[in-house]
Amino acid sequence: MPIPFLWLGVGLGALAAGKHLARERSRDIVLHHPGESQQSAAILNGAVVCCGVFGVFDHSGIWMDGSIIELNGNGLIRAVSPQRFLANRSGDKIFVACDADGNVLADLHAGERAVARVFEYSAYDLMRNNCHQFVLSCLTPGVGHVTLFNELNISVSRHFGQSLSWRPALGV
């Protein structure tokens, strides 16, 4: 039955177009989206990181002590190596949120909140409780809701009071 695959293709095409449109609309918030800047940055504890997923989605987490704290799709909050963070995803680089000058934006308290939640279970829901919502909850507990990566960018920009420049993480 080719019809379900046709709808899947149409849906993925619409997501890709929506992602491109969101990028264009948010240029004052995000100066460089992941993959647009080749200048790398040394990662710091409490930094927000991301990687690509099949060229359409982004996955995010918080860097702490050489690991990335993430909300996995099964609902487990876990600390994973950079290699595991990239496994089963299309992206081969980890990007870190920086300011316009390439200084990493890090919040040690967010990192500590993320670490405190490792091994916790949080019912994963693509629309209401995904990896981006987990990152936001570590940055600003109990404040706001995000579903999309673009919404996370807006929240991270507000939290740090800076426009974002996503840079490849140095040495990861």
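Note that the coordinates shown come from a computational prediction; the quantities given were computed from them, not determined experimentally.

(A) A look at the side chain of Arg167. The residue Arg167 is located in strand S7 (residues 164-168) in this model. Buried charged residue Arg167 carries no salt bridge. Nearest counter-charge: Asp99, at 6.2 Å. Among the polar contacts made by the side chain of Arg167, one reaches the side chain of Gln39 at a distance of 2.9 Å. Within the local environment of Arg167, its side chain forms a polar contact with the backbone oxygen of Ala100, the two atoms lying 3.3 Å apart.

(B) Spotlight on a nonpolar patch on the surface. Side chains of Tyr124, Leu126 and Met127 sit close together on the surface and give an oily, nonpolar patch of about 310 Å² of accessible area. The residue Leu126 is located in the loop between helix H3 (108-116) and helix H4 (131-139) in this model.

(C) Here's a closer look at the sheet that holds S7. With mixed pairing, seven strands are arranged side by side in an open sheet as S1-S7-S6-S2-S3-S4-S5. Each of the sheet's edge strands pairs with one partner strand only, and the pair in question is strand S1 (30-32) and strand S5 (77-80). Averaged over all pairs of adjacent strands, the angle between strand axes in this sheet comes to 35°, irrespective of strand direction. Relative to strand S3 (residues 57-64), strand S2 (residues 48-53) runs antiparallel, the two being bridged by six bridges. For Gly52, the partnering residue across the bridge sits in S3 and is Asp58. Of the strands in this sheet, S3 and strand S4 (67-71) are in contact with H3, which crosses S3 at around 95°.

(D) View of the confidence of the model for the protein. For the protein, the mean per-residue pLDDT works out to 86, and 81% of the residues sit at or above 70. Within the model, pLDDT remains below 50 along residues 4-25, and this stretch shows eleven contacts once partners closer than five positions in the same chain are excluded.

Rules behind the numbers
- Residues numbered from 1 in each chain as written.
- Predicted model: local features only at pLDDT ≥ 70, side-chain atom pairs only at ≥ 80, totals over all residues.
- Heavy atoms only, no water.
- Helix = DSSP H or I, 4+ residues; strand = E, 2+ residues; numbered from the N terminus.
- Buried < 20%, exposed > 50% of the residue type's maximum accessible area, 1.4 Å probe, protein only.
- Lys, Arg positive; Asp, Glu negative; His and termini not counted.
- Salt bridge = Lys/Arg side-chain N within 4 Å of Asp/Glu carboxyl O.
- Polar contact = N/O pair within 3.5 Å; in protein donor to acceptor, adjacent residues only side chain to side chain.
- Patch = residues over 30% accessible without salt bridge, like charges linked within 9 Å, V, L, I, M, F, W, Y side chains within 5 Å.
- Areas by Shrake-Rupley, 256 points an atom, 1.4 Å probe, with all protein chains shown as cover.
- Pairing = 2+ DSSP bridges.
- Axes fitted to C-alpha atoms, helices over the stretch in contact; angles between N-to-C directions.
- Contact = heavy atoms within 4.5 Å.
- pLDDT = per-residue confidence, 0-100.

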